[in-house]
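Fold and geometry: a report
Each chain, written out:
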Amino acid sequence: MNDTINTIALNACLDAGHFIHFQCGKEVHSYSLAELDRRAGVLAACLLELGVRVGDRVGILGQNRVEWVILELAILKLGGVTAGFEPGRFAPQELVQRYGLKLLFGEGLTTGGPILDIELAWKWSERPDAQPARVPLHRGYDLADIFALRFTSGSTGKPKGLEVTVGSVNSSLAAVTQMFGHGEGDNILVFVPLGCSLQQRYWIYSAFVNGHDASISNYDDWLTTAALTSPTVVMGVPRFYEDVKAQIERSGVRVQDLQERRRVIQQLLGGRIRYLWTGSAPASRAVLDFFNDCGVPLYEGYGLTETCIVAKNCPGSFRVGSVGRVLPDKTIRFDKDGVLIVGSKIPLNSRYTWCNPGDNEKMFLPTAEIRTQDLGHVDEDGFLYIHGRVDDIVVMNSGLNVLVREIEEEIRRHRQVHECVLFGQGKPFLTAIISAAEGGIDGASLAAHLATWNRRCHPEQRVNAAVIVPGRFSIDNGLLTTQHKPVRKKIHACVEQELGAVYAQAQQGILQPEQVLILEGAVQ
């Protein structure tokens, strides 16, 4: 197993031939790995002056930017612990106190005490009177040492927090490198916030260890970044690929012509795509087929915050619809309820450090395995399939269980549907809550789409009504998590009155079984 973290922490990088590219407005700034490492060494010396020592926690609160990278590199050189946070969720002083931070760097923060403006990191890294701290500055991390804090992507309340072991990340990166062969000639594009996704930072580590480029942007800038930096690999959540598919279809491209579709996808993403990678949430079969059918591989994988990468499709081991074969350092089994249990040779951790009472017992087994809350199966060739979460099961008033993920995916096939969440716990039929795609939804067309589904599905899977909300579900309005997963309970609550009206009409006999009712709702 490669010791990725200590390679970065204990050695000076002299690679001037590979770069990390950062989106900055409409321009891209590129810095060699050697320059970033040198700046991180200068910054490490500055952090030493501020009292940062081995094991100290340093927080970073901000969007993806160059300061993020040099701060984390400097923290690794000091043997510290990086705590990345999603912007806009918490007061800085609260973060310092709750997580025991030595320092906290953030965007636009008033400097005082342990709280510092993140722009200081870049200014300090170019001090003319400063020299990079001599490496190594510490003895190195042991495999069981903590080097990062990782948080769940919940949209409300305080996220659960894990302390991440060095060995777990080394193991995952070694497996991924063997599967995909990242190296010379590659340029990996990442745009999921570094503060809320440790896995996105893996590709920065990989650049320094395996010798390749990386491009970093924020979600809204991905198109410009791809056009200017020509990535070979894109790491994106399914929503990103859904947006790419919708943009191409709206453009009038002959998507039935596979060569033309491939050409347009490549052109949109910079022209050098080797493969695409998705995870964090389920990808629909329609999206997977859109890319794979025309020769632009989109590999789906599976993992949790608590497990890191569990399974992954890759070149030579690929089955559309599955999430791939299980990585060598992972084990899986299913409990008596069909719930997937994941074990790791080197666990990320065996408990949350910060959580509510009962959270640890719900997730972590005494064996250090993880009860994922996901349902699935493994086929005869060892490919893992995920059917949905335990929370995705709706129990109808008939007592029948309905797994709603497949139905939601079917409804999203309608081009005017941006997102769909089903409701029906204890009810006689399902109701779809739908956010409209750009341009809105034609009610008659949607009703016809649902009626087509109802004619071929099982009775308990019927969708007899839909509530259309005018705005999109988003991270900003709290209806999507940072991993772009819908927050079901909150979405249900937003249209509580409209849902009540649907079932009242059914009870009064106004809504007949063969009808499809369409109501307008509003996201509060």
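Here the residue index of a chain counts from 1 through its sequence in written order. In keeping with the predicted nature of the model, local features appear solely for residues at pLDDT of at least 70, side-chain atom pairs appear and are counted solely at 80 or more, and the whole-chain, interface and lining totals rest on all residues. Computation of side-chain values covers all heavy atoms of the structure but excludes hydrogens and water.

Notes on the overall build of the protein chain
Strands are runs of DSSP state E lasting at least two residues, helices are runs of H or I lasting at least four, and both sets are numbered from the N terminus onward. Looking only at helices and strands, one finds 16 helices and 25 strands in the protein chain. Within these notes, the globule rule equals 2.2 Å times the number of residues to the 0.38 power, and the radius of gyration is based on C-alpha atoms. Taken over C-alpha atoms, the radius of gyration comes to 24 Å for the protein chain, in line with the 24 Å a tight globule of 524 residues would show. If you line up the protein chain on its principal axes, its C-alpha atoms span 80 × 55 × 50 Å. When a residue's accessible area, from a 1.4 Å probe over protein chains only, is under 20% of the maximum for its type it is buried; when over 50% it is exposed; and in between it is partly exposed. Counting every position in the protein chain, which comprises 524 residues, the buried fraction comes to 57%. Partitioning the contacts of the protein chain with sequence separation of at least 6, the portion at a separation of at least 24 is 67%. Counting every atom, the protein chain has about 21,500 Å² of accessible surface; 49% of that belongs to carbon and sulfur. Only heavy atoms enter the contact rule, under which two residues are in contact if any of them lie within 4.5 Å. Throughout, the Shrake-Rupley method with a 1.4 Å probe supplies accessible areas, and for residues the shown protein chains are the sole cover considered.

A word on the packing of helix α9 (residues 238-250) against helix α10 (residues 258-268)
An axis is simply a line fitted to the C-alpha atoms; with a helix, the fit covers only the stretch in contact. Between two such axes, the angle follows the N-to-C directions and lies from 0 to 180 degrees. Contact geometry of α9 with α10 gives a least axis separation of 11 Å together with a crossing angle of 120 degrees. Taken together, α9 and α10 sit at an angle that is classed as oblique. Read as a crossing pair, α9 and α10 show a hand that is right-handed. Along its contact with α9, which presents Val244, Gln247 and Ile248, the element α10 presents Val264, Ile265 and Leu268. Of the residues that constitute the contact of α9 with α10, the class distribution is 5 nonpolar, 1 polar and no charged. Any angle from 65 to 115 degrees is called roughly perpendicular, while one under 35 is roughly parallel, one over 145 is roughly antiparallel, and all others are oblique. Take the far helix as the reference: if the near one is turned anticlockwise from it by less than a right angle, the crossing is left-handed, and if turned clockwise, right-handed. Gly is put with the polar residues, along with every residue not named as nonpolar or charged; the nonpolar set is Ala, Val, Leu, Ile, Met, Phe, Trp, Tyr, Cys and Pro, and the charged set is Asp, Glu, Lys and Arg.

Focus: α9
The span expected for a helix works out to 1.5 Å for each residue beyond the first. Relative to the 18 Å expected for 13 residues at 1.5 Å per residue, α9 spans 18 Å between its end C-alpha atoms, a close match to the ideal helical length. Residues Pro238, Arg239, Phe240, Tyr241, Glu242, Val244, Lys245, Ile248 and Glu249 constitute the buried set of α9. At the exit of α9 stands Gly252, carrying a positive phi of roughly 90 degrees.

A short note on the nonpolar core
Buried Ala, Val, Leu, Ile, Met, Phe, Trp, Tyr and Cys residues form a nonpolar core when they are joined through side-chain atoms within 4.5 Å. Counting 82 residues, the largest nonpolar core has Ile20 and Phe147 as the members making the most contacts within it. Top element by residues in this core is helix α3 (residues 66-77). It accounts for 9 residues. Core analysis: the next-biggest nonpolar cluster, separate from the first, contains 25 residues, Trp222, Val234, Leu268 and Phe290 among them.

What to know about the sheet that holds strand β25 (residues 517-520)
In a beta sheet, neighbouring strands pair by backbone hydrogen bonds and run either parallel or antiparallel. DSSP calls a pair of strands paired once it identifies at least 2 bridges connecting them. Spatially, the 4 strands line up as an open sheet ordered β22-β23-β24-β25, and their pairing is mixed. Every other strand in the sheet has two partners, leaving β22 (417-423) and β25 as the edge strands with one partner each. Strand-to-strand, the axes of this sheet are offset by a mean angle of 25 degrees, without reference to chain direction. The sheet contacts of helix α16 (residues 496-507) involve β22, β23 (430-436), β24 (463-469) and β25, and relative to β25 the element is tilted by about 150 degrees.

What to know about the side chain of Asp213
Relative to the assigned elements, Asp213 resides in strand β10 (residues 213-216). Under the convention used here, Asp and Glu are negative, Lys and Arg are positive, and both His and the chain ends fall outside the count. A pair is scored as a salt bridge if a Lys or Arg side-chain nitrogen falls within 4 Å of a carboxyl oxygen belonging to Asp or Glu. At 6.2 Å, Arg272 is the nearest oppositely charged side chain to Asp213, a buried residue that forms no salt bridge. Sequence-distant contacts of Asp213, defined by excluding residues within four places in its chain, comprise His18, Phe19, His21, Asp186, Asn187 and Ile188.

What to know about the sheet that holds strand β2 (residues 27-32)
Reading across the sheet, the 9 strands line up as β2-β1-β10-β9-β11-β12-β13-β14-β15 and stay open at both edges, with mixed pairing between neighbours. Each edge of the open sheet is held by one strand with a lone partner, namely β2 and β15 (325-326). In terms of strand pairing, strand β9 (residues 187-190) meets strand β11 (residues 233-236) through 3 bridges, oriented parallel. Counted as the bridge partner of Val190 is Met235 from β11. The strands touched by helix α8 (residues 222-229) within the sheet are β1 (19-24), β2, β9 and β10, with β9 carrying the most contacts at an inclination of about 170 degrees.

Notes on the packing of aromatic side chains
Planes of paired rings set the category: under 30 degrees apart is stacked, over 60 is edge-to-face and the rest tilted, where pairs are Phe, Tyr or Trp rings (Trp by its six-membered ring) whose centres lie within 6.5 Å. For the structure shown, the criterion picks out 26 aromatic pairs. Put simply, the rings of Phe147, Phe180, Tyr202, Trp203, Tyr205, Tyr275, Trp277, Tyr299 and Phe318 pair up and form one aromatic cluster. The criterion is that NZ of a Lys, or CZ of an Arg, lies within 6 Å of the ring centre and within 35 degrees of the ring normal, and then a charge sits over that ring. Between Arg261 and the ring centre of Phe290, over which it is positioned, the NZ or CZ distance is 4.7 Å. Directly above the ring of Tyr503 sits Lys427, whose terminal nitrogen or CZ lies 5.1 Å from the centroid.

Some words on the state of the cysteines
Our working definition of a disulfide is a cysteine sulfur pair at a distance within 2.5 Å. Summed over all chains, the structure comprises 0 disulfides. Between Cys308, a free cysteine, and Cys196, which holds the nearest cysteine sulfur, the sulfur-to-sulfur gap is 14 Å. What makes Cys308 buried here is its relative accessible area of 3%. Just so you know, Cys494 is unpaired, no disulfide at all, and the nearest cysteine sulfur is the one on Cys420, 15 Å from it.

Focus: the pairing of strand β4 (residues 81-85)
The buried fraction of β4 is high, at 5 of 5 residues. Neither face of β4 is open: one carries Val81, Ala83 and Phe85, the other Thr82 and Gly84, and all of them are buried. Summarising the sheet, strand β3 (residues 57-61) and β4 pair through 5 bridges and their orientation is parallel. Following the sheet pairing, Ile60 is matched in β4 by Gly84. With α3 bridging β3 and its parallel neighbour β4, the resulting β-α-β unit is right-handed. Sheet topology note: the β4/strand β7 (residues 146-151) ladder contains 2 bridges and is parallel. Each residue of the ladder has a partner; that of Thr82, found in β7, is Ala148. The crossover handedness rule: strands pointing away from the viewer, path from first strand over the helix to second strand clockwise, crossover right-handed.

Observations concerning α8
Residues of α8 that are buried: Trp222, Thr225, Ala226 and Thr229. Buried residues in α8, looked at end-on, bunch into an arc of 100 degrees, giving them a common side. Exposed residues pointing more than 90 degrees away from the buried face of α8 are listed as Ala227 and Leu228. Contacts made by the buried residues of α8 are with β1, β2, β9, β10, α9 and α10. Ser230 sits one or two positions beyond α8 and adopts a positive phi of about 50 degrees. Our arc is simply the arc of the directions from the helix axis toward the C-beta atoms.

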